[in-house]
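Fold and geometry: a report
Okay, here's what each chain looks like letter by letter:
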Amino acid sequence: MNGLAAILLKEFSHIRRDPGTLFFAFLIPVLQLAIFGYAIETTIEHIRTVVLDLDGREESRRLVEAFVNSRTFLVVQRVNDQESFDRAIAGGRAKVGVKVPPDFTERLLGGRRASVQVLIDGSDSQVAMTALNTANLLGLNQSLRRARLFAESIQTAVARDPAGRFALPIEVRPRLLFNPDLISSRFFVPALVGIILQLVTLFLTSFSIVRERELGTLEQLFVTPVGRAGLLLGKLIPYAVLGFLETLLILLVMVFIFGVPIHGSLVLLLALSLLFVLTGLGLGLLVSTVARTQPQALQLGYAVMLPSILLSGFMFPREAMPTVIYWLTFAIPVTYFLEILRGIILRSADFKDLLPHVIGLSACCLVILALSVLRFRKQLD
Amino acid sequence: MNERVVRAAAGNGAVIRAESLTRHFGKLLAVHQVTFSVPRAAIFGFLGPNGSGKSTVIRMLCGVLRPTGGTGAVLGHDVVREAEAVKRRIGYMSQKFSLYADLSVEENLDFYGRIYGLRGPRLHERKGEVLELVSMTDRREQLAGHLSGGWKQRLALTCALIHQPQVLFLDEPTAGIDPVARRELWDLLFDLSARGVTLFVTTHYMDEAERCTHVGYIYQARLIVCGRPVDLKSLEAVTPAGTRRLELSCRQAAAVLGRLRRAPGVRDATLFGERLHLLVDAALSDETLFRELGPEAEGAEVRPIAPNLEDVFVTLSRGEAARRGL
């Protein structure tokens, strides 16, 4: 503990003298939250669509109307020949092409099957999947409408509703909990709190130590009798305080700007955030024991951040990952913290609900801190 | 080679002692079996080309770099096993400015004072003393980053002195500062030495080496000579039997340098301004030498001289290079 007070006082002097650190610590995350929070929108709508209607009569117009009325498709162009149709898709002006054959109406009226060609640009799989599902659903709805007309005409039905009208035999009644309006920011913004918190704590600590290594002041410190624990704690505590204040700030932005209320216990949320801040600082410390220069620290920092963003369940659901990767996600601390954040904020989960994640995060924190403390020596190499 | 290492001091009174100190960095041999000792209150000048291992030796003696072989002790404490005990008693001024540029002079001093456990009135008193020593009392509030090179070095020295260390390691303290600041810094060092502080200084400047009580010269990881300057100058290997050192003053000294180097009986010739320092066979008479000079011989004068430290280091490192076939 030798020299802890000296290091602490010095670190706070640095922070006071260097408005850059405070800027990085407070303003940037809020900006990031604002930008990402608004930009990340997973509901896919208005897919640009080109229509080639070779039939043009009522039945085909009704079908095209159905495409237009779904918010999924946005008809940007109606063409009259095959070549323009193909070019619209190849040229990227439209992601989806709907082609109605000339005999569409005849076939329907004649009781035969009519086919509508729907071409989908598969480059972006998420957009393509949405287009595919919606197109199938539209086709099914149109078919059901025709089937109902037919059934009514012959006075028979598979099932009827209480009012005695023709109905589908099985009705699924889904109810959306916690986020009934399916607003994707509700899901993303709490998680962003975790990602940004890790970003800041990781970079603040690793830079604060690696900068001293580059300047030679770390070597100078090694020649003094300052204790290892004093040196490490003196480096971590100021940034832990900073990280914690930042958590409060980001949560305020989340609640009052994005309107995502915290349903669960605020005290539990802050306590577990502190645990996560410690983990992030530990990661920064670990990076600083490996990196000799600030550019190296930056690269290593990104090497840590990328899996945290891609594999933690922030961007993509972990359940959909290949088994090996899925197991790997348990080694990423932010994975647990995202579960905790979403749990407390959206589902008002309590400590008991979150216990497995709390244990996971604690284990990560201990391992990372132990590893970095072991690696951090008052020695040059 | 050991017979040429003039022992700096009788073993027991030594404040710094290195025994076969060795350090590898992977396959690179940075320091090879370096052995020497430094007595109390000495000013030990440690010289050698860049990359010869000077800083590595200092770092090992300061307890921040583990030797891969041999042992070192400072004030009787082993530099590996009792590194922290060593660190409490020494001061260290590294090669480059390594204080906090965004902190003021006083804040830097406060920081190092607290690290060494000074606080309250004691810290205040020590700050006053060291600032007085280097005449920086009126610069307390200035940011360290805004000081000029010479003042930065003084601040680094005050920080290294705040806890009254018994031994001070200075790694090229005068590199890149102006001659006046250099002279003043050396005056400070003499002052400290007079108070009983042992100084270990690396430098590139021969005039600084001449001011030291003891010098060591490290060349390609090996300490090739070590001792008092006066003893080193009379080493046989520097002026071998059957040779003598001469100073020659003549017109066009630079022009005759090449001619003399090729002349029979002349072993070495070095230019010092308008004069030449020569190492010649004892058999070579002054008259023969003047004949070699040709027209430039008119008005030329020659006198016998003792070697200076540069002669010592140049001769010995050439000899070492030749012996090791480099």
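Quick caveat, the model's predicted, so the values are computed rather than measured. (Residues numbered from 1 in each chain as written. Chains lettered and ligands numbered in written order. Predicted model: local features only at pLDDT ≥ 70, side-chain atom pairs only at ≥ 80, totals over all residues.)

1. Some details on the overall build of chain B
Of the regular secondary structure elements, chain B holds 11 helices and 14 strands. Projecting the C-alpha coordinates of chain B onto the three principal axes gives extents of approximately 75 × 45 × 35 Å. Of all 326 residues assigned to chain B, the portion counted as buried reaches 42%. Looking at chain B alone, contacts between residues at least 24 apart form 71% of all its contacts between residues at least 6 apart. (Helix = DSSP H or I, 4+ residues; strand = E, 2+ residues; numbered from the N terminus. Buried ≥ 20, exposed ≤ 12 C-beta atoms within 10 Å, placed from the backbone. Contact = placed C-beta atoms within 7 Å.)

2. Examining the overall build of chain A
Along the backbone of chain A there are 14 helices and 6 strands. The C-alpha atoms of chain A give 29 Å as radius of gyration, which overshoots the globular expectation for 381 residues (21 Å, by more than 25%). Of all 381 residues assigned to chain A, the portion counted as buried reaches 35%. Considering only contacts in chain A between residues 6 or more positions apart, those separated by 24 or more positions represent 76%. (Rg over C-alpha atoms; globule rule 2.2 N^0.38 Å.)

3. Remarks on the sheet that holds strand 9 (residues 214–219) of chain B
Residues and elements named next belong to chain B. Ordered by their spatial adjacency, 6 strands build an open sheet running 6-7-8-3-9-10, and the pairing between neighbours is mixed. Both outer strands of the open sheet, strand 6 (90–93) and strand 10 (222–227), are each paired with one neighbouring strand and no more. Recorded for the sheet is a direction-independent mean angle of 15° between the axes of neighbouring strands. Across the face of the sheet, helix 1 (residues 54–61) comes into contact with strand 3 (43–47), strand 7 (167–171), strand 8 (198–203) and strand 9 while running at roughly 150° to strand 7. (Pairing = 2+ DSSP bridges. Axes fitted to C-alpha atoms, helices over the stretch in contact; angles between N-to-C directions.)

4. Digging into the sheet that holds strand 12 (residues 266–272) of chain B
All names here are of chain B. Spatially, 12-13-11-14 is the arrangement adopted by the 4 strands of the open sheet, whose pairing is antiparallel. Sheet topology places strand 12 and strand 14 (301–304) at the edges, where each strand pairs with a single neighbour. Pairs of neighbouring strands in the sheet enclose a mean axial angle of 25°, with direction left out of account.

5. Quick word on unusual backbone geometry
Residues other than glycine seldom take positive phi values, yet S348(A) does so here, at roughly 45°. By the secondary structure assignment, S348(A) is in the loop between helix 13 (333–347) and helix 14 (351–375). One non-glycine residue with positive phi stands out, namely S20(B), at about 50°.

6. Some details on the interface of chain A and chain B
Listed by partner, the interface residues are 21 residues for chain A and 21 residues for chain B. Elements with a minimum of two residues in the side of chain A that touches chain B: helix 1 (4–17) and helix 8 (217–222) of chain A. The biggest single contributor to the side of chain A that touches chain B is helix 1 of chain A, with 6 residues. Residues belonging to the side of chain A that touches chain B are distributed by class as follows: 8 nonpolar, 8 polar and 5 charged. (Nonpolar A, V, L, I, M, F, W, Y, C, P; charged D, E, K, R; others polar.)

7. Details of the packing of helix 9 (residues 228–256) of chain A against helix 10 (residues 266–290) of chain A
Residue and element names in this part refer to chain A. It is the contact of helix 9 with helix 10, at a shortest axis distance of 9 Å, that shows an interaxial angle of 135°. As judged from the angle between their axes, helix 9 and helix 10 are oblique. Helix 9 and helix 10 meet at a crossing whose hand is right-handed. On helix 10, the residues touching L236, Y239, A240, G243, F244 and T247 of helix 9 are L270, S273, L274, V277, L278, G280, L281 and L285. (Parallel < 35°, antiparallel > 145°, perpendicular 65-115°, else oblique. Left-handed = near helix turned anticlockwise from the far one by under 90°.)

8. Here's the deal with the confidence of the model for chain B
Keep in mind that low pLDDT regions are not for reading the predicted coordinates in detail. Residues and elements named next belong to chain B. For chain B, mean pLDDT is 89; residues scoring 70 or higher make up 96% of the total. Segment residues 1–11: pLDDT under 50, and 22 contacts once partners within four positions in sequence are set aside and those in other chains are kept. Predicted as a complex, the structure gets a pTM of 0.78 and an ipTM equal to 0.85. (pLDDT = per-residue confidence, 0-100.)

9. Examining the pairing of strand 8 of chain B
Residue and element names in this part refer to chain B. Most of strand 8 sits out of view: 6 of its 6 residues are buried. Neither face of strand 8 is exposed, since T198, F200 and T202 on one face and L199, V201 and T203 on the opposite face are all buried. Sheet topology places strand 3 next to strand 8; 5 bridges connect them, and they run parallel. The residue bridging L47 from the neighbouring strand is T203, located in strand 8. Across 5 bridges, strand 7 lies against strand 8 in parallel orientation. Along strand 8, the bridge assignment pairs D171 with T202. In this view, the connection linking strand 7 to its parallel neighbour strand 8 by way of helix 6 (residues 179–194) has right-handed handedness. (Right-handed = clockwise from strand over helix to strand, strands pointing away.)

10. Some points on the environment of P295(A)
Residues and elements named next belong to chain A. When you line up the elements, P295 lands in helix 11 (residues 294–310). With 10 C-beta atoms counted inside 10 Å, the residue P295 sits in the exposed group. As for P295 and F207, which are separated by 88 residues in sequence, their C-alpha atoms are 9.5 Å apart.

11. Digging into the environment of T21(A)
Residues and elements named next belong to chain A. Considering the arrangement of structural elements, one finds T21 in helix 2 (residues 19–39). T21 gets classed as partly exposed once you count the C-beta atoms within 10 Å, which come to 19. Put simply, T21 and I35 are 14 residues apart on the chain and 21 Å apart in space, counted from C-alpha to C-alpha.

12. Points about the nonpolar core
Judged by nonpolar contacts, the single largest core of 144 residues is most densely connected at I340(A), F44(B), L61(B), F169(B), L199(B), F200(B) and Y217(B). Among the elements that line this core, the one with the most residues is helix 7 (residues 184–215) of chain A, at 15 residues. In this structure, F169(B) is in contact with I58(B), L61(B), C62(B), I90(B), Y92(B) and F200(B), ignoring residues within four places of it in sequence. One finds I47(A), A94(A), V100(A) and A135(A) within the second-largest nonpolar core, a separate group that totals 19 residues. (Core = buried A, V, L, I, M, F, W, Y, C linked by C-beta atoms within 7 Å.)

13. Quick word on the packing of helix 3 (residues 105–115) of chain B against helix 4 (residues 120–133) of chain B
Residue and element names in this part refer to chain B. Where helix 3 meets helix 4, the closest approach of the two axes is 10 Å, and the angle between their N-to-C directions is 125°. Here helix 4 runs oblique to helix 3, going by the angle between their axes. Considering only the axes of helix 3 and helix 4, their crossing is right-handed. Packed against helix 3, whose contacting residues are E106, L109, D110 and G113, the element helix 4 presents L123, R126 and K127 at the interface. Its residues placed into classes, the contact of helix 3 with helix 4 shows 2 nonpolar, 1 polar and 4 charged.

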